[in-house]
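# A look at the structure
The primary structure of each chain is shown beneath.
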Amino acid sequence: MRVVAALTVPPTPSAGTRPVTLLPDLAQSSPGGVPATLIVLVVLATVGVVAWASFRQRARLREGLATLIGRSPGWRLTVHPCDVTPELLAGRTAATPRGDRRYGVRHGVEGPTTVTLGGEPVEARIAMFEWTYEERRTSRSNQGTRTTTYHTRTELVALCRLPTVVPRAIRIGAESVLGRVGLTRGGQQVESSEFNRRFRVEGRDPRLTVQLLDPTFQQLLLDAYQGRTIHLDDDLVVLGGRPDHRDESLPGIVGLLPAARQDLERLVRSVPAQFWRAIGPSSQGDAWRPS
Amino acid sequence: METILTLLVLVGLPLLLVIWSYNRFVGQATSIDATWATIDTELQRRHDLVPNLVATVQGYAAHEQQVLAQVTEARAAAIRAAPEDVPLEQQARAEDALTSGLSSLLAVSESYPELKADSVFRDLQRQLIETEDRISASRRLYNIEVASYERRRRSVPSNLIAGAFGFGPRTMFEIQDAAAQHAAQVGFPRASGGSAADADGAAR
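In this text the structure is predicted, and so the values were computed from the model without any measurement. (Residues numbered from 1 in each chain as written. Chains lettered and ligands numbered in written order. Predicted model: local features only at pLDDT ≥ 70, side-chain atom pairs only at ≥ 80, totals over all residues. Heavy atoms only, no water.)

## Some details on the packing of aromatic side chains
Our working rule: Side-chain rings of Phe, Tyr and Trp (the six-membered ring for Trp) are treated as a pair once their centres are within 6.5 Å; stacked means planes under 30 degrees apart, edge-to-face means over 60, and tilted covers the remaining angles. The way it works is that DSSP assigns letters per residue, a run of H or I at least four long becomes a helix, a run of E at least two long becomes a strand, and they are numbered from the N terminus. Here's how the labels work: a residue is buried when its accessible area is under 20% of the maximum for its type, exposed when over 50%, partly exposed in between, all with a 1.4 Å probe on protein chains only. Only when the NZ of Lys or the CZ of Arg is both within 6 Å of the ring centre and within 35 degrees of the ring normal is a charge said to sit over the ring.
Counting across every chain of the model gives 9 aromatic pairs over all chains. Here Phe-25 of chain B and Phe-167 of chain B contribute two aromatic rings whose centre-to-centre distance is 5.0 Å and whose plane-to-plane angle is 20 degrees, an arrangement assigned as stacked. Taken together, the residues Phe-25 of chain B in helix H1 (residues 2-60) and Phe-167 of chain B in the loop between helix H6 (158-165) and helix H7 (178-181) connect sequence positions 142 residues apart. By relative accessible area, which is 0% here, Phe-25 of chain B ends up buried. One aromatic cluster is present, formed by Tyr-22, Phe-25, Tyr-149, Phe-165 and Phe-167 of chain B through successive ring pairs. The positively charged end of Arg-101 of chain A is found above the aromatic ring belonging to Tyr-150 of chain A, 3.9 Å away from the centroid. The ring of Tyr-149 of chain B is capped by Arg-170 of chain B, whose NZ or CZ atom sits 5.8 Å from the centre of that ring.

Next comes the structure, spelled out in structure tokens:
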């Protein structure tokens, strides 16, 4: 049924036999025959529903974060995880790319924890957050017009500040497709060909890197950390990537934060003692502190 | 013109591949030698630590003569097996004997609280553990390099280059991993209370 019919007045002599609409602009039909008023109403309703859903989702995430930090004394929300500013993090680890425009930390929580280094419980600070950044995509239309759009990307990150300093950074990430078939394999190789196929390890001190990657640690990475990125630099361990489990009692991304913490603590706990002995206890690092 | 191009492809390309393969062999052999040098240095450092360690233990546990004599003899055998003309396998077995002796020596120290508390002994023990950590890591690096070199040396077509230019076989260095036998001893300030599991509240 056409709504426009209700808005017509009887024809006048001057108007001839053509019906005249009172709201000619709003009542114009779209090419498909749907009146513009209806389209406007539908759009407004959709925008309203989306805004409401977004508001509800943010509220649920806020409640989830409050629940999460309420579980452990000393935990709090943060936008500077373990006192590291987003500016220092951006582009420095594989888990925190700078992107092409905006970047930052959201849904961040941090607090004290006890990690196990070489079998000994040691106090440390740990943080989990979602790293967001925007990537630019440029497309060209048939008329030659270039259109640039920005897409928000996210990474889940867990970060731990250690009571020691790793003197030479070590990065562990996924091996490239060509590297998997053995064409461009680079970085530090280890005894396990399966590990070499799956992971690319970059470390400036080969001996320290090998001390980290003992056979047990290699197997752990193969079993539980494929697709994740690990970065040891100065006094920070940064674990990127989504865990394969979550806390079902917490909503959305917040439900992944405890799992990211568990994964990071397990990772640190599994670092061989000889790696920590090679580094030794030392004073606070300063590479991640604002100058 | 076509003939020149064909010649370039037929001669130049294989020549480039030969040069590339040869240079890679040279690089690998150099890397193996360099890694071996670090193992050699660390083994030497371990040999140097033994007399001081034996002397310190002797001061507290003089009647453990059998263990002390075993370590001293093992060290002498390891030094005799160090020169380059001694087969690597023989050197490895001599180092294994020294590792066993040192493990016994450190086990003996457990029975002597005064010895364990001695700062000189503790410092020597720490140095020994760190040295053995470095030996372990360098040995693994060396074996990784040798494995990669041997894989190329036996593969086609790089085996032709290895044969033509005399890149001979290299032997892996397989010894007991002394580093894995030590207690953690990482030396970080311990947490005041609770364990990692206790602090796992947020990850229920």
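## As for helix H7 (residues 257-270) of chain A
Residue and element names in this part refer to chain A. Counted only if it meets this: Expected span of a helix: the number of residues minus one, times 1.5 Å.
The terminal C-alpha atoms of H7, which comprises 14 residues, lie 20 Å apart, in line with the 20 Å expected from a rise of 1.5 Å per residue. Judged by how many residues are buried, H7 sits mostly within the fold: 10 of 14 residues are covered. Among the residues of H7, those classed as buried are Leu-257, Pro-258, Ala-259, Ala-260, Arg-261, Asp-263, Leu-264, Glu-265, Leu-267 and Val-268.

## A word on the pairing of strand S4 (residues 103-117) of chain A
Residue and element names in this part refer to chain A. Condition: Following DSSP output, two strands are said to pair if at least two bridges run between them.
Counting buried positions over the 15 residues of S4 gives 11, a clear majority of the element. With 3 bridges joining them, strand S3 (residues 76-78) and S4 adopt antiparallel strand pairing. Looking at the pairing, Arg-76 lines up with Glu-110 of S4. Two elements, S4 and strand S5 (residues 120-140), share 13 bridges in a ladder whose sense is antiparallel. Bridging from a neighbouring strand, Thr-114 pairs with Glu-123 of S5. Between S4 and S5, which pair antiparallel in sequence order, lie 2 residues; one of them, Gly-118, sits at a positive phi of approximately 60 degrees.

## Details of unusual backbone geometry
Pro-157 of chain B follows Val-156 of chain B through a cis peptide bond whose omega is 5 degrees. One can find Pro-157 of chain B in the loop between helix H5 (119-154) and H6. A positive phi angle is found at His-107 of chain A, which is not glycine, with a value near 55 degrees. Phi at Asp-234 of chain A is positive, roughly 55 degrees, even though this residue is not glycine. Mapped onto the elements, Asp-234 of chain A comes out in strand S8 (residues 229-240). Judged by its relative accessible area of 8%, Asp-234 of chain A falls in the buried class.

## Section: empty space enclosed by the protein
Residues and elements named next belong to chain B. Filter applied, for reference: As defined here, a cavity is a set of points on a 1 Å grid over the protein atoms alone where a 1.4 Å probe fits but cannot get out. A pocket is an open set with protein on both sides within 12 Å along at least five of seven lines, and residues line them when an atom is within 4 Å of a point. Grid points are joined across faces, edges and corners, and a volume is the space filled by probe spheres set on the points. Note on residue classes: Ala, Val, Leu, Ile, Met, Phe, Trp, Tyr, Cys and Pro are nonpolar, Asp, Glu, Lys and Arg are charged, and everything else, Gly too, is polar.
Tallied over the entire structure, the rule returns 3 cavities of 30 Å³ or more. One number sums up the size of the largest cavity: a volume of about 60 Å³. Considering the residues around the largest cavity, the lining is formed by Arg-46, Thr-99, Glu-132, Ile-135, Ser-136, Arg-139, Ile-175, Gln-176, Asp-177 and Ala-178. At 4 residues, the largest contribution of residues to the lining of the largest cavity is made by H5. In terms of residue class, the lining of the largest cavity is built from 3 nonpolar, 3 polar and 4 charged.

## Some words on the nonpolar core
Convention followed: In plain words, nonpolar cores are sets of buried Ala, Val, Leu, Ile, Met, Phe, Trp, Tyr and Cys residues tied together by side-chain atoms within 4.5 Å.
Among the nonpolar cores identified, the biggest contains 49 residues, and Ile-172, Leu-221, Leu-264, Phe-275 and Trp-276 of chain A are the most heavily contacted of them. When residues of this core are assigned to their parent elements, the largest contribution, 7 residues, is made by strand S6 (residues 146-174) of chain A. Counting residues in each nonpolar core, the second largest holds 24 residues, with Leu-49, Val-50, Ala-61 and Leu-124 of chain B among its members.

## Concerning the environment of Asp-223 of chain A
Tracing the backbone through its elements, the reader meets Asp-223 of chain A in helix H6 (residues 215-224). With 98 residues separating them along the chain, Asp-223 of chain A and Arg-125 of chain A place their C-alpha atoms 26 Å apart.

## Here we look at the side chain of Thr-96 of chain A
Residue and element names in this part refer to chain A. Quick reminder of the rule: Distance and chemistry together define a polar contact, namely a pair of N or O atoms within 3.5 Å, with one atom able to donate a hydrogen and the other to accept it when in protein, and with adjacent residues in sequence counting only for side-chain atoms on both sides. In this analysis, two residues are considered to be in contact whenever any of their non-hydrogen atoms come within 4.5 Å of each other.
If you trace the backbone, Thr-96 turns up in the loop between helix H2 (86-89) and S4. A relative accessible area of 0% places Thr-96 in the buried class. Here Leu-89 takes part through its backbone oxygen, which lies 2.8 Å from a polar atom of the side chain of Thr-96. Beyond its immediate stretch of four places on either side in the chain, Thr-96 contacts Leu-89, Ala-90, Gly-91, Trp-131 and Val-157.

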